Structures are given as structure tokens and as C-alpha cells.
Amino acid sequence: MIADSLPDLFGNIIFKTWIESNNRDMKEISVLEQLAYVGKRGIGALEYHPATSIAVGDTININEIVAVLSQVMDQKQHVDATHLDHASLLNIFKIGTSAGGVRPKILIAEHKVTGRIIPGDMVHSEDYYHYLIKLGLDEEHRYSRELVEYVYYLTATHAGIQMMPSKMIDERHFATLRFDRQNGRKKHVLTASGLTGWDFKDPKVSSYEQLFDLALFLKCPHKDVEQLFRRMVFNLVFANHDDHLKNHSFIYDETQDNWGLAPAYDLTYSLNPDLNMKTASRALSLNGKRTGIVMTDLAAIAERYTIKHFKRTLIEIQEAVDFWIKTAKEQHVPSRIIEAILKNFSPFS
Ligand SMILES: Nc1ncnc2c1ncn2[C@@H]1O[C@H](COP(=O)(O)OP(=O)(O)OP(=O)(O)O)[C@@H](O)[C@H]1O
Ligand SMILES: [Mg+2]
């Protein structure tokens, strides 16, 4: 459970850069010290005391952050952390290490009336929109992964998948409202990995059945089980292979004392469309398979978890392929990327 509060791959790069910029070695930093830095700024509602206090900056400039992050993330050149702009790095450290995942991201809050953007760890208030922003850094791929994720978001919500409202910022960054900050309150959320201790990189525990069973164990309402099924079909049809256990979360409602499925996130094309990845297999298996999944596999899951109208769900998701194509064109995703991604979609006959 606590591991969910620790930085992941991206957060760890930032953590290390920050520690080195203070002339310390990451090897000296224990997990407890890392949690003291997390303090009250973690995803979800867990907080760690006593927190290590770090200077408060009250505004942020996304362009500045992107410029510094591009240097930090440029693997071709070794960056001497002590030469980086200290104020920007401090901001990135505070708002870029809490959320998990591989992609560069920050947490910010935007004032609902003035539009002023402040670091995401300062307030949780109804006066602000709380966003998680996946930053577009112009890396190696020559196309915007964030834009592709936005097209997936538009398509998934069109196909009845519940997600937090999301938008593009400066046509470059993908911003999604946080489900762990709602109505001015912190919500307790954990990933499927955090709830169970299942390693999201271990194929033995990585299956949709494990997720469905977890939802049942948590006594989530049946509509959540249906929603999970719809999400699974979406991931299959739209070739989102990166559907691992940290890409599904559950959220606790303290007013009702019950758990529910958190909105979907990180639905996107996870491979590099410039490479031909015919053999890629998905993170979560289904009916014992990671490739070559057919209708009877879906039917087996639908029966096991009493999914109503499973064929209708399937049709609705498949029909969304045309919507995806139309939306990708409207959003100016390059046609070579559209074609490469389309080739990997797997409609069911
Ligand atoms: N809308 C949201 N509200 C609250 N937390 C979120 C939201 N979206 C994502 N998260 C949290 O942030 C983490 C990272 O987000 P996301 O999975 O989108 O990033 P990623 O870097 O693409 O991940 P991956 O390493 O799986 O590719 C998630 O595992 C989840 O815990
Ligand atoms: Mg993820």
C-alpha cells in the first residue's frame, strides 16, 4: 500500500536529480526519508509525518519546467544536476515525484476563477481544478504521444468508458482532472498493485481475472464490474497493451464506507508506431492468453462475471473505431501514425 506513495520510474529520475543537485548521493536516501519528502503531497489521501519541509514556491511556469525537464530527461547527454536551474528543479521535485508511471508528469492546481496555476501540493480546495499533466517534451518519437492519448480519451469516453474530464494544454500537454482530489477533499485511492502487493511486472499475477476478483473482493457495485469489462474490451480493440496492475485503481468512499473502481486512465497506444511490433503481448492476460484473444475468450469472462449485454458492449466499442479515426484526423495526428496504430487494432468478428 505504501509503495503506491513512492516515486516510480519518472519520479525516481527527478528524485535522484534533485538529491544530486544538493550534493548528496541517492544511495544515502532510505525509503523512510523518501516518504518524509512525500509528506502530504502524495497521490490519494495517505500522508506521512513528520514531513521534510521544502521551500514553498507559489507559482509555476509550465514552459520553464518543460525546458528544465527536457535537459534532465535527455539521456544522450549527461546532465550535471548542480548546473540546473535550482528553483525550477525544486518545483519539479515537489510536483513531479508523487504520481507514478514512466512518462514525465506534474501535478498542478488551477484557480477556477483567475486561472492562476500553482503547484499541486499546496492546496486541496473547491476553488481549484486539480490536474495531473502528462508533459510533451519533444523526445525521440517525432509525434505527440500526449495528443494520441487525448484522442484515446475522447474515443473512450465516447464509447462509455468513465474517465476524468481531460484537455490539451498548449496543444502539447495532456491534462486530466485528478480523481483523488474531489469537492475540495482528498480521496483515498490505491492501484490494484498497491491494494494487493501483486507486482505489476509479474505475469503470474497479471490477469484481468485477478482484477475482476479484486473488484468482487472489495464489494464494488456490479456496475463497476461491467465498467471494467468495457475497459478490458476497449484495451483489446484499441491495442492498449500497457494495461498493467498500476493502470487500474480503486477509490474509497468514506461517506458510504465502500470501495469502487476509479475512473480509467492511461488509455493510449503504448507501443512505438514507428516500429513494427507484431508480437507485442499485453500486460494483463485474459482467459490465460496475452495474444490471439478471440470472441470465445471474452464470452468466458462475461459468463464468469455475469456481464449483461456483453455483445452490445462489444459492438459499441468496435463502432468507436470510426470515431477514433475521425478524431485523430481532426486533431492532426500525422497520417503515418494513424495508419500504423490502426494496423494494430483488433476488432472482433
Ligand atoms: N486522473 C487521475 N487522477 C488521479 N491519479 C491519477 C490520474 N491519472 C493517473 N493517475 C495516477 O498517476 C499514475 C501515473 O499516471 P499514468 O498511468 O497516466 O502515467 P504513465 O507514466 O503513462 O504510466 P505508465 O508507466 O503505466 O506508462 C497512475 O498510476 C495513477 O496512480
Ligand atoms: Mg500508467
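Parameters at a glance
Residues numbered from 1 in each chain as written. Chains lettered and ligands numbered in written order. Predicted model: local features only at pLDDT ≥ 70, side-chain atom pairs only at ≥ 80, totals over all residues. Domains from an automatic or database assignment. Contact = placed C-beta atoms within 7 Å. Nonpolar A, V, L, I, M, F, W, Y, C, P; charged D, E, K, R; others polar. Helix = DSSP H or I, 4+ residues; strand = E, 2+ residues; numbered from the N terminus. Buried ≥ 20, exposed ≤ 12 C-beta atoms within 10 Å, placed from the backbone. Near = placed C-beta within 6 Å. Pairing = 2+ DSSP bridges. Axes fitted to C-alpha atoms, helices over the stretch in contact; angles between N-to-C directions.

As for the domain arrangement of the chain
For the chain, the domain assignment lists domain 1 (2-140) and domain 2 (188-342). The C-alpha-based centres of domain 1 and domain 2 are spaced at 28 Å. With 6 residues of domain 1 at the contact, the number on the domain 2 side is 6 residues. Residues belonging to the side of domain 1 that touches domain 2 are distributed by class as follows: 3 nonpolar, 2 polar and 1 charged.

Some points on unusual backbone geometry
Note that the residue after His49, namely Pro50, is joined by a cis bond; omega there is -10°. Turning to its location among the elements, Pro50 is positioned in the loop between α2 (31-38) and α3 (62-73). A positive phi angle is found at Glu171, which is not glycine, with a value near 55°. Mapped onto the elements of the fold, Glu171 is located in the loop between β4 (166-169) and β5 (173-177). Using a count of 12 C-beta atoms within 10 Å as the deciding quantity, one classes Glu171 as exposed. The phi dihedral of Asn287 falls on the positive side, at around 55°, and the residue is not glycine. With respect to the element layout, Asn287 can be found in the loop between β10 (258-261) and α9 (295-304).

Side note on the site of ligand 1
Taken together, 19 residues are adjacent to ligand 1, and Gly101, Val102, Arg103, Tyr265 and Asp266 come closest. Split by domain, the residues of the shell around ligand 1 number at least three in each of domain 1 (2-140) and domain 2 (188-342).

Considering the sheet that holds strand β1 (residues 105-111)
Spatial ordering of the open sheet is given by β2-β1-β3-β5-β4, a layout of 5 strands whose pairing is antiparallel. On the outer flanks of this sheet lie β2 (117-119) and β4, each paired with one strand and no other. Averaged over all adjacent pairs, the angle separating strand axes in this sheet is 35°, with direction ignored. Alignment of strand β3 (residues 128-134) against β5, held across 4 bridges, turns out to be antiparallel. The partner of Tyr131 across the bridge, within β5, is Leu177.

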